[in-house]
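One-letter residues, chain by chain:
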Amino acid sequence: MMRALQKIGFWLLVTVVVLYSLFPFYYAIVSSLRPSAGLFKVAYWPHHPTFANYTGVFVGQPFGRNILNSIIVSSVVVVLSLFLGVTAAYALGRIEFKGRGFLLMTVLAVSMFPQVAVLSGMFELIRWSGLYNSLPGLMIANMILTLPFTVWVLTTFMRGLPKEIEEAAIVDGASPAIIVRRIFLPLLWPALVTTGLLAFIASWNEFLFALTFTLSNSERTVPVAIAFLSGATKYDLPWGRIMAASVIVTLPLIALVLIFQRRIVAGLTAGAVKG
Amino acid sequence: MARPQSELLRARTRTAWVFLAPMLIVLALVAGWPLIRTIWFSFTDANLGKMSQAKFIGFENYYASFGGILQDPDWWRSVWNTVWFSVVSVSIETVFGMIVALLLNVDFKGRGFVRAAVLVPWAIPTIVSARMWGWMLHDQFGIINDMLERAHLISGPVAWTADPRLSMWSVVFVDVWKTTSFMALLILAGLQLLPSDCYEAARVDGISPIKVFFRVTLPLIWPALIVAVVFRSLDALRVFDLIYVLTSSAKETMTMSVYARQQLVDFQQVGYGSAAATLLFLIIAAFTALTLIATRSRASEG
């Protein structure tokens, strides 16, 4: 009796957790598939599904361009972060030198920076370099979000590799650049995928910089575009389209997260357990 | 023999700095320099239109006869809002995260699916989740009001995000939904490192699961839990996106980040806004330093 009750309670809890996690996204899909005139009545199921909202979101505003912008900015940020991260991680993870601990603490400290604390300085820098309202400006700004944890996670990973693997190469007189490229890069693939994904997601979701450093619709990234989607008046928000846009930009992320579930979990915890 | 050794060592050190240089330069450019400039701007009368003509005015943005930031009740309100938001949301997330982590630590059929489901809110961009919940919490057409009315829990529609008494709770609610999974994953990582023999012993002795949790599990995962709480708190203290989209610049939900950006961009007062940003930076730095000291002393005790 007690056993059965426990079992029921357990599965009830599991159901609640799953429903709680998934329902908002389910409801966004339902709303995005309903004609906008019908949204003024609540429905739990799209009775007459239509894709009008999905086509509508690409008309009247450069949403396709916004998606492309997000992809370009995030990809460049990922590549740059990984390159700088690997070289730095080799130094921090494989070489004993004075000041290493201090540098690691500095990198960690930067990841604690509130974005707002660099906002005016970054604004000045970006305007001075003529990159205001352009994608390169956003790429530079986003590096502050992705670089610290990329360096940290890759350093942790490099440090975990056995010492012997590079000794032979050193004896053979291979240069450090070759050691990194030929020996470490192949071993680092799993860590690169993890950190690359996390960096991509962080950059894809970035809002404050994109909001402040862009002006025109065509230079905006996806989060800002969604925040600014509006109807004829301020009080008449096109909820159907907003939900369609939300679903469009979220589906690829959810797919990525589900495919690389284990890696992402490993990366997140590796990034935190360091503390 | 000693000579070539030290020669090699010196070469290695040189290599280290060469490999570090690109990363350090970029970090100095995107983090160090902007931070220094922000702090400098906080001592000037800089205006967004003409930042280059900023004049040094000392501490007047902070404290002055005509009213500095430290005399602004709205600033103190945003400080209080931020602290309240961080404490309440991180506390709820810790409890929920613990429950989800304990659930996921049980070996049951469909566990992979549940873990994937829990990860979905984490993967959704903050802006999107703010929009999604903004729609669900809509005062006239929102599904939350509909559900509660069907269940006879409320008699009329509730303005979740506009009502000053409720808006902060709505923000907390959405934040909890979004970030509980992060908390759960970190706690789960701690749980999975625990030795199973303690549990075997406890079960043989017939100790109740609740007692086992408080006497065995909690003390053992304490370090992992602290790390998770510190990380979440640092994140919560700088919250911006969620509040900006869900309740825009309403006073009841304004946090330090929202306040600073409003001064900086909307009111164009770069000097004053930078002062707010600098104060936020100092608060977070102090919090980080305190936790570091606390964990250090704990570690040296244990």
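Throughout what follows, the structure given in this document is the object of discussion. Because the structure is predicted, anything quoted here is derived from the model rather than measured.

A word on the overall build of chain B. Along chain B, the regular secondary structure elements total 11 helices and zero strands. Along chain B, helices (α) and strands (β) appear in the sequence α-α-α-α-α-α-α-α-α-α-α when read from the amino end. The C-alpha radius of gyration computed for chain B amounts to 25 Å, which surpasses the reference 19 Å derived for 302 residues by more than 25%, pointing to a less compact arrangement than a globule. Projecting the C-alpha coordinates of chain B onto the three principal axes gives extents of approximately 85 × 75 × 35 Å. The 302 residues of chain B split such that 51% are buried. Counted over contacts in chain B with a minimum sequence separation of 6, partners at least 24 positions apart contribute 65%. Counting only carbon and sulfur atoms, one obtains 65% of the accessible surface of chain B, whose full area is about 14700 Å².

Our focus in this paragraph is the interface of chain B and chain A. Taken together, the contact between chain B and chain A spans 87 residues of the former and 92 residues of the latter. Together chain B and chain A conceal approximately 8100 Å² of surface at their shared face, both sides included; 79% is due to carbon and sulfur atoms. On the chain B side of the interface with chain A, the three residues burying the most area are Phe19(B), Arg131(B) and Trp135(B), jointly 11% of the side's total. The partner of Glu124(A) in a salt bridge is Arg37(B), and the shortest N-O contact between them spans 2.7 Å. Run the count over chain B and chain A and you get 19 residue pairs in polar contact (both at pLDDT 80 or more). Among the elements that take part in the side of chain B that touches chain A, helix H1 (residues 2-41) of chain B stands out by supplying 21 residues, more than any other. Grouping the amino acids of the side of chain B that touches chain A by side-chain chemistry returns 66 nonpolar, 11 polar and 10 charged.

It is worth spelling out the side chain of Thr221(A) at this point. Relative to the helices and strands, Thr221(A) resides in the loop between helix H9 (208-213) and helix H10 (222-228). With residues near it in sequence (within four places) discarded, Thr221(A) still touches Asn66(A), Ser70(A), Leu138(A), Glu206(A) and Ala210(A).

End to end, helix H11 (residues 239-259) of chain A covers 30 Å across 21 residues, agreeing with the expected 30 Å (1.5 Å per residue, within 8%). Within H11(A), the axis deviates most sharply at Thr250(A), by approximately 30°, and proline Pro252(A) lies no more than four positions further along.

Our focus in this paragraph is helix H10 (residues 256-266) of chain B. All names here are of chain B. With respect to burial, H10 is a largely interior element, nine of its 11 residues being buried. Within H10, burial applies to Met 256, Ser 257, Val 258, Tyr 259, Ala 260, Arg 261, Gln 262, Gln 263 and Leu 264. Just downstream of H10 lies Gln 268, where phi reads positive at about 65°.

Our next topic: the packing of helix H6 (residues 167-191) of chain B against helix H8 (residues 209-237) of chain B. Residues and elements named next belong to chain B. Across the interface, H6 lies against H8 with an axial gap of 9 Å and an inter-helix angle of 140°. When the interaxial angle is binned, H6 and H8 end up oblique. For the element pair H6 and H8, the recorded crossing hand is right-handed. In contact with Asp 175, Thr 179, Phe 182, Met 183, Leu 186, Ile 187, Gly 190 and Leu 191 of H6, H8 contributes Thr 217, Ile 221, Ala 224, Leu 225, Ala 228, Val 229, Phe 231 and Arg 232.

Here we take up the packing of aromatic side chains. Enumeration over the complete set of coordinates arrives at 30 aromatic pairs over all chains. Between the aromatic rings of Trp11(A) and Phe108(B), the centroid separation amounts to 5.4 Å while the plane-to-plane angle is 85°, which identifies the pairing as edge-to-face. Of this pair, Trp11(A) sits in helix H1 (residues 2-32) while Phe108(B) sits in the loop between helix H2 (73-105) and helix H3 (111-123), on two different chains. For Trp11(A), a relative accessible area of 36% puts it in the partly exposed group. With a relative accessible area of 11%, Phe108(B) lands in the buried category. Geometrically, the ring pair formed by Phe123(A) and Phe213(A) is tilted, given 6.0 Å between the ring centres and 45° between the ring planes. Of this pair, Phe123(A) sits in helix H5 (residues 119-128) while Phe213(A) sits in helix H9, and the two are 90 residues apart along the sequence. What makes Phe213(A) buried here is its relative accessible area of 1%.

Rules of the game
- Residues numbered from 1 in each chain as written.
- Chains lettered and ligands numbered in written order.
- Predicted model: local features only at pLDDT ≥ 70, side-chain atom pairs only at ≥ 80, totals over all residues.
- Heavy atoms only, no water.
- Helix = DSSP H or I, 4+ residues; strand = E, 2+ residues; numbered from the N terminus.
- Rg over C-alpha atoms; globule rule 2.2 N^0.38 Å.
- Buried < 20%, exposed > 50% of the residue type's maximum accessible area, 1.4 Å probe, protein only.
- Contact = heavy atoms within 4.5 Å.
- Areas by Shrake-Rupley, 256 points an atom, 1.4 Å probe, with all protein chains shown as cover.
- Buried area = accessible area lost by both parts, 1.4 Å probe.
- Salt bridge = Lys/Arg side-chain N within 4 Å of Asp/Glu carboxyl O.
- Polar contact = N/O pair within 3.5 Å; in protein donor to acceptor, adjacent residues only side chain to side chain.
- Nonpolar A, V, L, I, M, F, W, Y, C, P; charged D, E, K, R; others polar.
- Expected span 1.5 Å × (residues − 1).
- Bend = angle between axes of the 7 residues up to and from the residue.
- Axes fitted to C-alpha atoms, helices over the stretch in contact; angles between N-to-C directions.
- Parallel < 35°, antiparallel > 145°, perpendicular 65-115°, else oblique.
- Left-handed = near helix turned anticlockwise from the far one by under 90°.
- Phe/Tyr/Trp six-rings, centres within 6.5 Å; stacked < 30°, edge-to-face > 60°.

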